[in-house]
Amino acid sequence: MTRFSAMSLFAKALGGHQGWPEQWPDAAPKPAYDAIIVGGGGHGLGAAYYLAKKYGITKVAVLEKGWIGGGNTGRNTTIIRSNYLYDESAHLYDHAVKLWDGLSQELNYNTMYSKRGVMMLAHNVHDIQSFKRHIHANRLNGVDNEWLTPEEAKAYCPPLNISPDARYPVLGAALQRRGGTARHDTVAWGYARAAAALGVDIIQNCAVTGINRGPDGAVTGVETTRGSIACKRIGVSAAGNTSVLMQMAGLDFPLESYPLQALVSEPVKPIFPCVVMSNTVHAYMSQSDKGELVIGAGTDQYVSYSQRGALHIVEHTLAAICEIFPIFRRMRMLRTWGGIVDVTPDRSPILGKTPVQGLYVNCGWGTGGFKATPGAGDLLAYTMAKDEPHRINAPFNLDRFRNGRLIDEAAAAAVAH
Amino acid sequence: MILIHCPYCDEKRAELEFAYAGQAHIARPADPSALSDEEWEHYLFIRANPRGRHHERWRHIHGCGRFFNAVRDTVTDKFETTYKAGEPRK
Ligand SMILES: Cc1cc2nc3c(=O)[nH]c(=O)nc-3n(C[C@H](O)[C@H](O)[C@H](O)COP(=O)(O)OP(=O)(O)OC[C@H]3O[C@@H](n4cnc5c(N)ncnc54)[C@H](O)[C@@H]3O)c2cc1C
Ligand SMILES: [Zn+2]
């Protein structure tokens, strides 16, 4: 692996940038591994990297049915924040935000993590009360979050319309300054490159079609479109396709998969300095470094694996955006797309062991797991290496749907990203 | 937007007239207090979520207001059939 530095850039520039080697090899599957990760999204690639880096388990393969980062990792709107209500969630998401901080240095790859602040607008008395409750709960957990008056909100984000006669007046806002965005693809590529440098095989175009188990019920390997592979530990990190994979091991899961859409505008000069979310009006937006306004829409109402959503969902979102930001009414939209998100009944993820020995799962991040990428990877690696969950992900077990200890962020947030 | 055939109105209408109501044919327990934790988990939380043929409920909220069942392919989103509530699983 060639390390990126000012020197190496300069040296390669002299050769017209023709001399760069491939960043990691396109590996073919071997007959056996110590551990297999199913799903080459940011979470799966991160888990492979931490398995090798922190626990010395380097005979690892990441199996991806398409191309790495081609799932929700490459389709999301990249909002990063950790201002969740419950203690368990605050710890989980803040663990990830802390890892985002040094990630570019650690991977020697620019993930473009930008702490531009995530601002959530309050439009009614209920919003004010619930945001203030979040702010207090967050601060008790050491997570930064602060209340802004409408004037302070406008000073932080000048395009905001705080006129009192707006249809949805801005009565204040909650601001998490450490929140922000990162560049989705570079997270997948950075982890893939760093993991491959430690000996991990990154295998694309290799769909897992079966999970093999021995007489004692423990996993013995996987069937794939590129042959059988033996292994004693499998970590499934397949987002919207998790139910399908769990069925291969005979497990029924508390998940439903829905299409979620996003869209971007034509690129314009820098105008929008932070991330603004309005859960009440149902819109959120940021501006990418390329200049596009990045807008997240809602999910369709029905379960689907189609990887595309309906137009009326996008229309609804744009109506909301125009309502909050009249300044953008004449912007033209360039592209829309969809991903399939795996949603749990309490809107919190499932990260831990399964009833099948040797089978671990990381799923249920639904509409909001990009922000958790480094944390989820780290915790899945821990759980697989030690055969027990870390105390941060222990509450996010599968048993909670049986014993009733839900982590009900669904009720706390109603909308999540 | 998908078009949905309401078996009561016997008309194909736009999705906006309908509300999705989750997986179909999940029977409410007859004797709730007799259920084990595992049975409650299955009733409340476990869902089929198949890639392919899915039995689901819809409600014609902006029409006749009634619930009915449907079979839809979750990869193409295409409806195979819709049928009245109470009719056997298709
Ligand atoms: C439109 C949209 C906007 C979003 N916005 C945000 C946001 O602003 N902030 C945020 O935090 N989150 C957001 N999310 C959610 C976020 O994208 C996901 O939670 C996160 O990226 C999940 O990462 P992952 O690595 O688990 O999944 P993925 O990146 O989806 O990776 C899973 C991989 O598994 C592969 N796979 C599936 N089945 C198999 C198989 N049988 N064999 C081999 N490989 C398989 C898939 O091809 C895929 O590449 C958004 C999602 C969408 C769709
Ligand atoms: Zn009807």
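From a predicted model like this one, the values you see are computed outputs, not experimental measurements. (Residues numbered from 1 in each chain as written. Chains lettered and ligands numbered in written order. Predicted model: local features only at pLDDT ≥ 70, side-chain atom pairs only at ≥ 80, totals over all residues. Heavy atoms only, no water.)

Break down the overall build of chain B for me, citing the residues and quoting the values.
On a plain count of helices and strands, chain B comes out with one helix and six strands. Mapped in sequence order, the helices and strands of chain B form the string β-β-β-α-β-β-β. Referenced to the eigenvectors of the C-alpha coordinate spread, the extents of chain B come out at roughly 40 × 30 × 20 Å. When the 90 residues of chain B are sorted by exposure, 37% land in the buried category. In chain B, of all internal contacts separated by at least 6 residues, the share reaching a separation of at least 24 is 47%. Accessible surface, chain B as shown: approximately 5,200 Å² in total, 49% of it carbon and sulfur. Within chain B, one finds 14 positive and 14 negative side-chain charges whose respective centroids are separated by 6 Å. (Helix = DSSP H or I, 4+ residues; strand = E, 2+ residues; numbered from the N terminus. Buried < 20%, exposed > 50% of the residue type's maximum accessible area, 1.4 Å probe, protein only. Contact = heavy atoms within 4.5 Å. Areas by Shrake-Rupley, 256 points an atom, 1.4 Å probe, with all protein chains shown as cover. Lys, Arg positive; Asp, Glu negative; His and termini not counted. Charge placed at Lys NZ, Arg CZ, Asp CG, Glu CD.)

Report on the packing of aromatic side chains, specifying residues and quantitative values.
The description of an aromatic ring pair rests on the distance of the ring centres and on the angle between the ring planes. Residues and elements named next belong to chain A. For the structure shown, the criterion picks out 19 aromatic pairs over all chains. Ring plane angle 40 degrees and centroid distance 5.9 Å describe the contact between W100 and Y113, whose orientation is recorded as tilted. Here W100 is found in helix α3 (residues 87-107), whereas its partner Y113 is found in the loop between α3 and β4 (118-122), with 13 residues between them in sequence. Each member of the pair, W100 as well as Y113, is classed as buried. Considering the side-chain rings of F325 and F328, the 5.9 Å spacing of their centres and the 55 degrees angle between planes classify their relative orientation as tilted. Owing to a relative accessible area of 2%, F325 belongs among the buried residues under this scheme. By relative accessible area, F328 is classed as buried at 7%. In this structure, K12 packs its charged tip against the face of W20, placed 5.0 Å from the ring centre. Seen from the ring of W147, K132 lies directly overhead, with NZ or CZ sitting 4.9 Å from the centre. (Phe/Tyr/Trp six-rings, centres within 6.5 Å; stacked < 30°, edge-to-face > 60°. Lys NZ or Arg CZ within 6 Å of the ring centre and 35° of its normal.)

Tell me about the domain arrangement of chain A, residues and numbers included.
All names here are of chain A. The domains assigned to chain A are domain 1 (27-78 + 184-253 + 346-412) and domain 2 (118-177 + 256-343). For domain 1 versus domain 2, the separation of C-alpha centres amounts to 30 Å. At the junction of the two partners, domain 1 supplies 16 residues and domain 2 supplies 18 residues. Around 1,300 Å² of area is buried between domain 1 and domain 2 when both sides are counted, 51% of it from carbon and sulfur atoms. Taken together, the connections running from domain 1 to domain 2 amount to zero salt bridges. Taken together, the connections running from domain 1 to domain 2 amount to seven residue pairs in polar contact (both at pLDDT 80 or more). Across the side of domain 1 that touches domain 2, the residue classes break down as five nonpolar, nine polar and two charged. (Domains from an automatic or database assignment. Buried area = accessible area lost by both parts, 1.4 Å probe. Salt bridge = Lys/Arg side-chain N within 4 Å of Asp/Glu carboxyl O. Polar contact = N/O pair within 3.5 Å; in protein donor to acceptor, adjacent residues only side chain to side chain. Nonpolar A, V, L, I, M, F, W, Y, C, P; charged D, E, K, R; others polar.)

How would you sum up the site of ligand 1? Please name residues and give values.
All names here are of chain A. Surrounding ligand 1, one finds 39 residues, the nearest of these being E64, N72, T73, T77 and K371. Within the backbone of T367, an N or O atom sits 3.1 Å from a nitrogen atom of ligand 1. When isolated, ligand 1 has an accessible area of 1,000 Å², and the protein chains bury 96% of it. At the level of elements, α2 (42-55), β13 (256-265) and β17 (333-343) are the ones that each hand at least two residues to the shell around ligand 1. Ranked by residue count, the leading element in the shell around ligand 1 is β13, at three residues. (Near = heavy atom within 4 Å.)

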